[in-house]
Amino acid sequence: MKTITVGITAHVDSGKTTLAEAMLYKTGQIRKLGRVDSGNSALDTDSIERGRGITIFAHQAEFTSGDTRVMLLDTPGHVDFSAETERTMRVLDYAVLVISGTDGVQSHTSTLWKLLRQYEVPVFIFINKMDLIGADRSAVLKDLRNRLSDSCCDFSGTDGEIIENCATACEEMMDTYLNSGSLSDSDIAKAISQRRIFPCCFGSALKTDGVEEFLRILDRFTEEPQRKSEFGAIVYKVSYDPKGTRLSHIKITGGAIQMRDELSYIGQDGEETTGKISSIRFYSGDKFRAADSAVAGEVCAVTGLAGTYAGEGLGVESDSGRAVLEAVMTYRIVLPAEKNVYEALGDMRRLEDEDPQLHIVWNEQLRQIHIQLMGAVQLEVLTQRIEERFGYKVSFENGAVTYRETIRAKVEGVGHYEPLRHYAEVHLLLEPLERGSGLVFDTDCSEDELDRNWQRLILTHLAEKTHIGVLTGSPITDMKITLMSGKAHLKHTEGGDFRQATYRAVRQGLRSAESVLLEPYYDFELEVPSQSVGRALADLQHMSAEAEPPQSIGEMSVITGSAPVSALNGYQAEVIGYTRGQGRLSCSFGGYRECADAENVIAEMAYDCDSDVENSADSIFCSHGAGFVVKWDEVPEHMHLPSCLKKSYEDTGISPERVRHFVEQTVSEEELMEIFERTYGKINKDPRRAFKKTKAVSVDHGPVKLPDHEGPEYLLVDGYNIIFAWDELKKIAAENLDAARAELVKMMCSYQGCTGYELILVFDAYKVPGRHRDVEKYYNISIVYTKEKETADTYIERVSHELSKKHRVRVATSDGAEQIIILGNGAMRISAEELRQRYKAAEKALREYMDSI
């Protein structure tokens, strides 16, 4: 018997929970059909859910249909609780998308479809309410194909009709059908699991029409995914039972767990935690059965794991990525006068534990609690939950849109923290990303410059904090922050020093950049009577909305588009007013875009970044045994490391002029023409004009002051050290050392052409009997093969000592002992990784020059 996890999802009021009830009833799991509007459904067990007639929390049940054991997850349909739905999608093997036969595809349906595509969940579609007047099978199917996918297939006919529909919807299945004359159940099941086709079934969940047939379709055309042998699980939800016991709801993706198993994982605080499983529960509604173990494919709740969070991976599973849906409104929680604010903060943290999207923000200075929500319905539900669960009433005020901030162009951020007996300096590169990318953290810092452990610590500090912008104090987003360089002190640096330096570097970069204010947008669907279209379009234009032309459906017109959340808030009441109750507005989160009225928003929020002492952009330096504060705009004048943006030509050794000169020396004009025509096609008119020289773009590089030297600069490269330090060469050397050596020679020839160094490539022949030192000139570099009993290190040390007397000498090696001797000889060292980066920069410069011509 196969085991699959199936989630049911839908736009609100499409009959999703009613279908779940019917499936449980038809499989014998419940004896009596409950109804949502009667408040006695088996899955909506919370008192608030029953009172409102909507699903607020994801609920679990299980049943068996034919040869299939189904772990069923019923998810919320209302847009305000869609974050709970998204968290559940991460553990699904299949999804059932319920569509109202009278309403078709609605705005939130499209959002759910995008989420299912994002998480690559195979989908079965159940078109519900087909017993109502106005439900048209062919019209709904056409709507599904137009607005969701061309691969939506009608599975309500005979086997022959199902096979023909599948072949028509999928080209690969058509080939199979034409070759064999039929399609097997496994062919169809595989196509469904790969999201190549989407089965559509019709019925009425309330009357259980079509439910048994739908269950047979699920049993027949699903397959259990391949499970891992090692233990793995994903936490998709955290809750508390009536006794206050913390439950971690997990999907087992591999292996098994048993009672009293110990699991190690990273908790919410970022620290490694070990927890022992004290119980395993399989829920069905509000009831559960206890078990001693759970195996791959099963969904259960476990106790004993503190600090877990929704989206966390256990065992071999990695954590889930950033959520697609975000809260768009921020409110301040107003507590009763007698309530201790710190106790209330603990209660709110507990709610945030269950729903991370609430995002509790504590303002220590003002002793205020702020919370982020999706909408008004969630606000009402939360008020009721707090009163029922914690016994006190709260109110919410200052409802405001949740803004975000990003930057226009890349910028360097520098943070220095050096009070007495402390030291850390961090240089970050902040770069803007596409909208919806969130924050990405990376490192491009050599381990020769800053130890790996310090780099990991800096990345941890970047990720642990909600960094805020300088315009309105809103969180930053859509940015890549890369660690470029850093410096520690052998004696005085502590872990907390890099935290301070990192925070200040981010802030200093934001102060130096051109910041951009972003505001949330809704994707909306507005349905109004045709005579009200003019009023609706005028309103949308006033809101700075982007709208598609109206589509007429009978006497109604539907307008879809996107608009700022700040403009659409409260518009539903206006729609009801001017359409006399006939109009309907549906909204779903559409991401963040640049704020159209940024100047007024910034002025209204009146955030003063200079007064925000908790998020300082200034640095602390040390002089005469005492620390002193340096303002953010003066930090570049005091920093101890060079700028990561203003590297000089002396530092990189690469200039556009050298690249052009190298190309012109090595490639004839005829060869350039051949390359050009091969890339862009034949040139018929005056081909030489295509190569007219243009003035090189100047790049502003700050000079680096170095001692005066005579003659050319030298670069000595320890050949075999570089080969076994560069992964691409090491891989070649594993099969053929001669080939790796030839590849390095070719690379160094290109690098020399871009830098102009006198480049000496040294290969070690220490163990080669009777070998005499060979020096050969290969194109534009010198290659030295050392003699018998002479190592490359020995040769490089001696030659660098002699050359350093009159020339600037650099030596490329990652040999620690050799580096010390080189520095003693007066030469400069370059690590293997740094040489690799410089070579990549030269390669890029060559490529850009070739593209430019």
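Residues numbered from 1 in each chain as written. Predicted model: local features only at pLDDT ≥ 70, side-chain atom pairs only at ≥ 80, totals over all residues. Heavy atoms only, no water.

Draft legend 1. A look at the overall build of the chain. When helices and strands are tallied, the chain shows 27 helices and 39 strands. Among the 853 residues that make up the chain, the fraction classed as buried is 50%. Considering only residue pairs separated by 6 or more positions, the chain has 70% of its internal contacts joining residues 24 or more positions apart. (Helix = DSSP H or I, 4+ residues; strand = E, 2+ residues; numbered from the N terminus. Buried < 20%, exposed > 50% of the residue type's maximum accessible area, 1.4 Å probe, protein only. Contact = heavy atoms within 4.5 Å.)

Draft legend 2. Layout of the side chain of His249. Position of His249 relative to the elements: it lies in strand β9 (residues 246–254). At 2.7 Å, the side chain of His249 forms a polar contact with the side chain of Ser239. Sequence-distant contacts of His249, that is, excluding residues within four places in its chain, are made with Ile234, Val235, Tyr236, Lys237, Val238, Ser239, Cys300 and Ala301. (Polar contact = N/O pair within 3.5 Å; in protein donor to acceptor, adjacent residues only side chain to side chain.)

Draft legend 3. Spotlight on the environment of Ile188. Note that Ile188 resides in helix α8 (residues 185–193). Each C-alpha atom of the pair Ile188 and Met173 lies 8.2 Å from the other, and the pair is 15 residues apart in sequence. For Ile188, the contacting residues outside a window of four places in its chain are Phe155, Ile163, Cys166, Met173, Leu183, Ile197 and Phe221.

Draft legend 4. Main features of the sheet that holds strand β35 (residues 758–763). If you walk across this open sheet you meet the 6 strands as β36-β37-β35-β34-β38-β39, and the pairing is mixed. Of all strands in the sheet, those with a lone pairing partner are β36 (774–778) and β39 (828–830), marking the two edges. Across the sheet, the mean angle separating the axes of adjacent strands is 20° when strand polarity is ignored. Bridge analysis of β35 against strand β37 (residues 781–785) gives 4 bridges, and the strand direction is parallel. Its bridge partner lying in β37, Leu761 is registered against Ile783. (Pairing = 2+ DSSP bridges. Axes fitted to C-alpha atoms, helices over the stretch in contact; angles between N-to-C directions.)

Draft legend 5. Representation of the nonpolar core in the model. Judged by nonpolar contacts, the single largest core of 97 residues is most densely connected at Ile125, Leu144, Phe524 and Leu526. Sorting elements by how many residues they give to this core places strand β27 (residues 515–529) first, with 7 residues. Counting 41 residues, the second-largest nonpolar core is a separate cluster that includes Phe155, Ile163, Cys170 and Ile217. (Core = buried A, V, L, I, M, F, W, Y, C linked by side-chain atoms within 4.5 Å.)

Draft legend 6. Structural view of the sheet that holds β9. Within the open sheet, the 6 strands sit side by side as β14-β13-β16-β9-β8-β17. Their pairing is antiparallel. In this open sheet, the two edge strands, each paired with only one partner strand, are β14 (287–291) and β17 (313–315). Direction aside, neighbouring strands of the sheet carry axes that sit 40° apart on average. Where β9 meets strand β16 (residues 299–303), 4 bridges bridge the pair, whose relative direction is antiparallel. Note on β16: the bridge partner recorded for Lys251 is Val299. Running over the sheet, helix α10 (residues 341–354) touches β8 (232–240) and β9 and is turned about 140° from β8.

Draft legend 7. Focus on the state of the cysteines. Evaluation of the coordinates by the stated rule reveals 0 disulfides. In this structure Cys200 is not part of a disulfide, and its nearest cysteine sulfur, from Cys152, lies 4.5 Å away. (Disulfide = S-S within 2.5 Å.)

Draft legend 8. Representation of the packing of helix α6 (residues 159–169) against helix α7 (residues 171–180). Where α6 meets α7, the closest approach of the two axes is 5 Å, and the angle between their N-to-C directions is 125°. What the angle tells us is that α6 and α7 run oblique. Along its contact with α6, which presents Ile163, Glu164, Cys166, Ala167, Thr168 and Ala169, the element α7 presents Glu171, Met173, Met174 and Tyr177. Residue composition of the contact of α6 with α7, grouped by class: 7 nonpolar, 1 polar and 2 charged. (Parallel < 35°, antiparallel > 145°, perpendicular 65-115°, else oblique. Nonpolar A, V, L, I, M, F, W, Y, C, P; charged D, E, K, R; others polar.)

Draft legend 9. Focus on unusual backbone geometry. The backbone of Ser544 sits at a positive phi, close to 65°, despite the residue not being glycine. Overall, Ser544 belongs to the partly exposed group, its relative accessible area being 42%. One non-glycine residue, Tyr779, lies in positive phi territory at about 55°. With respect to the element layout, Tyr779 can be found in the loop between β36 and β37.

Draft legend 10. Seen up close, helix α12 (residues 452–464). A rise of 1.5 Å per residue sets the reference length of α12, with its 13 residues, at 18 Å; its end C-alpha atoms lie 18 Å apart and thus fit the reference within 8%. The set of residues buried in α12 consists of Gln455, Ile458, His461 and Leu462. Looking straight down α12, one finds its buried side chains confined to an arc of 120°; they lie on one side. Counted as exposed and oriented over 90 degrees from the buried face of α12: Asn453 and Ala463. Tucked inside the fold, the buried residues of α12 contact β24 (424–432), β25 (439–443), β26 (479–488) and α13 (495–512). (Expected span 1.5 Å × (residues − 1). Arc of directions from axis to C-beta.)

Draft legend 11. View of the pairing of strand β22 (residues 404–407). Of the two faces of β22, the one holding Arg404 and Thr406 and the one holding Glu405 and Ile407 are both buried throughout. Sheet topology places β22 next to β27; 4 bridges connect them, and they run antiparallel. Each residue of the ladder has a partner; that of Ile407, found in β27, is Ser515.

Draft legend 12. Geometry of helix α24 (residues 737–755). An ideal rise of 1.5 Å per residue puts 27 Å on 19 residues; α24 measures up with 27 Å between its terminal C-alpha atoms. Along α24, the positions that sit buried rather than exposed are Ala740, Arg741, Leu744, Val745, Met747, Met748, Cys749, Tyr751, Gln752, Gly753, Cys754 and Thr755. One side-chain oxygen of the residue at the start of α24 lies 3.0 Å from the amide nitrogen of Asp738, identifying that residue as Asn736.

Draft legend 13. Local environment of the pattern of salt bridges. Throughout the structure, instances matching the rule amount to 49 salt bridges. The residue Glu713 makes a salt bridge to Arg810 at a minimum N-O spacing of 2.8 Å. Of this pair, Glu713 sits in the loop between α21 (669–680) and β34 (714–718) while Arg810 sits in strand β38 (residues 809–812), and the two are 97 residues apart along the sequence. A single network of salt bridges, built from pairs that share partners, joins Asp143, Arg147, Glu525, Glu527 and Arg584. (Salt bridge = Lys/Arg side-chain N within 4 Å of Asp/Glu carboxyl O.)

Draft legend 14. Representation of the packing of aromatic side chains. Counting across every chain of the model gives 16 aromatic pairs. Taken together, a centroid distance of 5.9 Å and an interplanar angle of 70° make the contact between Phe589 and Tyr592 edge-to-face. In this structure Phe589 comes out as buried when scored by relative accessible area, which is 11%. Relative to Tyr757, the ring of Tyr751 lies with its centre 6.3 Å away and its plane at 65°, an arrangement referred to as edge-to-face. Like Tyr757, Tyr751 is buried. Joined through ring pairs, the aromatic side chains of Tyr720, Phe763 and Tyr785 make up one cluster. One Lys or Arg, Arg137, reaches over the ring of Phe202 and ends 4.4 Å from the middle of that ring. Stacked on the ring of Phe282, the Lys or Arg Arg289 has its end atom at 4.4 Å from the ring centre. (Phe/Tyr/Trp six-rings, centres within 6.5 Å; stacked < 30°, edge-to-face > 60°. Lys NZ or Arg CZ within 6 Å of the ring centre and 35° of its normal.)

Draft legend 15. Layout of the environment of Ile360. Its location among the elements puts Ile360 in the loop between α10 and β19 (361–363). Between the C-alpha atom of Ile360 and that of Thr330, which follows or precedes it by 30 residues, the distance is 9.7 Å. Those residues in contact with Ile360, other than ones at most four positions away along the chain, are Leu345, Met348, Arg349, Glu352, Ile369, His370 and Ile371.

Draft legend 16. Focus on the confidence of the model for the chain. Of the residues in the chain, 88% have a pLDDT of 70 or more, and the chain-wide mean is 85. Confidence drops under a pLDDT of 50 for residues 685–707, and excluding neighbours within four residues, the segment shows 23 contacts in the predicted structure. (pLDDT = per-residue confidence, 0-100.)

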